[in-house]
Amino acid sequence: LTQAKVTLQIETAEHTQVKVYNAPAVTSGVYVAKPIFPSAGEWNVYVEVHRNGEVGARTIPFNVPESAAP
């Protein structure tokens, strides 16, 4: 998908510690965001795509292991 505006939002399963990251295009149709998860545990990753007046979104559960936490 080219010429889109993509954002990635992370939040805990309790809907706290919400942070939004822009995901700029790095090549044609490829977007990258670099979230920093402040703690281990269950997180929701929400990706939203805007293009030509249309919006698509998806939420994915993600577990940050204790060994990966800052």
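Heads up: the structure comes first, above all this text.
Rules behind the numbers
Residues numbered from 1 in each chain as written. Predicted model: local features only at pLDDT ≥ 70, side-chain atom pairs only at ≥ 80, totals over all residues. Heavy atoms only, no water. Phe/Tyr/Trp six-rings, centres within 6.5 Å; stacked < 30°, edge-to-face > 60°. Pairing = 2+ DSSP bridges. Helix = DSSP H or I, 4+ residues; strand = E, 2+ residues; numbered from the N terminus.

Details of the packing of aromatic side chains
Okay, step 1: Taken as a whole and judged by the stated rule, the model has 2 aromatic pairs.
Okay, step 2: Here F37 and W43 contribute two aromatic rings whose centre-to-centre distance is 5.4 Å and whose plane-to-plane angle is 75°, an arrangement assigned as edge-to-face.
Okay, step 3: Three or more aromatic residues joined by ring pairs form one cluster here, namely F37, W43 and F62.

Some points on the pairing of strand 2 (residues 19-22)
Each regular strand displays side chains that alternate between the two surfaces of the sheet.
Okay, step 1: Pairing between strand 1 (residues 5-12) and strand 2: 4 bridges, direction antiparallel. Each residue of the ladder has a partner; that of Q9, found in strand 2, is V20.

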